[in-house]
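Notes for the structure review
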Amino acid sequence: RLAFHRTDGIYVINVDGSGLRYLTRGWDSDWSPDGRSIVFRDPTFSISTVDVNGSNIRRVHYGKHGGQEPAWSPDGQRIAFGVGTYFDCPTFGLWAMNVDGSGLRLVNCDGDLPAWSPISSEIAFFNQGTIDVSNADGSGQRTLVAGPATFPDCTPDGRLIFTKTPSGNRYGPSQRIFISDGGLERQLIPEAAPPVLSGYSDRQATWRR
């Protein structure tokens, strides 16, 4: 099944196009590991969860700067998300909390776009042009990709996929998806065959769970 955003809110649908169901208003959806719930950014820019049948909507974080791009940890215990608005960019913060909203902890004062490691012990994130990783409590931070890079995701075996952005613009042209095990970085999708398409990019990959 897929979860996606349409003009009026979040929907789920089977991959064959059947079973379309409206859940609620919101954006930035991510599945719980058991497939029963979805975490999302709600219309108040807070972080909320909803069951996949559209019931049991729960606001789990509310703050004056809102929340965005929530990511559910693979063990189902924690949610990481960015904090900031279009009005106070580029000041962001990366936070993590229990799924009920308790245990809120600042992971990084400039982080965004979190991606959990397979065993939920670390979080990879975008950090002002680089891809960094830290322990879930914010300790042990280190840079994995010098950048400019964005849109990190972790593979089930612990490798990192990310988008290289030559211009430094997250949505600019000539971007490419790479994979790394912490050492050699390898481009995943070959260069476009001639004739090369003007402005071609591939970006923002997510790994199948």
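Structure first, text after, so check above.
Here's a quick rundown of the structure.

Reading the values: rules and limits
- Residues numbered from 1 in each chain as written.
- Predicted model: local features only at pLDDT ≥ 70, side-chain atom pairs only at ≥ 80, totals over all residues.
- Heavy atoms only, no water.
- Helix = DSSP H or I, 4+ residues; strand = E, 2+ residues; numbered from the N terminus.
- Polar contact = N/O pair within 3.5 Å; in protein donor to acceptor, adjacent residues only side chain to side chain.
- Contact = heavy atoms within 4.5 Å.
- Buried < 20%, exposed > 50% of the residue type's maximum accessible area, 1.4 Å probe, protein only.
- Pairing = 2+ DSSP bridges.
- Axes fitted to C-alpha atoms, helices over the stretch in contact; angles between N-to-C directions.

Things to note about the side chain of Asp 42
- Mapped onto the elements of the fold, Asp 42 is located in the loop between β5 (37-41) and β6 (47-51).
- Among the polar contacts listed, one links the side chain of Asp 42 to the side chain of Thr 44, at a separation of 2.6 Å.
- What Asp 42 contacts, discounting residues up to four positions off in sequence, is Arg 25, Gly 26, Trp 27, Ser 48 and Arg 59.

Describing the pairing of strand β18 (residues 176-180)
- When you tally the buried positions in β18, you get five out of five residues, the bulk of the element.
- Judged from the five bridges that link them, strand β17 (residues 160-164) and β18 form a sheet pairing that is antiparallel. Along β18, the bridge assignment pairs Thr 163 with Ile 177.
- Pairing between β18 and strand β19 (residues 185-187): three bridges, direction antiparallel. Within β19, the position partnered with Ile 179 by the bridge is Arg 186.
- Between β18 and β19, which pair antiparallel one after the other, the connecting turn spans four residues, and Gly 182 there sits at a positive phi close to 100 degrees.

Thoughts on the sheet that holds β19
- With respect to topology, four strands assemble into an open sheet ordered β16-β17-β18-β19, the strand pairing being antiparallel. Across the chains shown, the open sheet's two edge strands, defined by having one partner strand only, are β16 (149-154) and β19. Strand-to-strand twist across the sheet, computed as the mean angle between neighbouring axes with direction ignored, equals 30 degrees.

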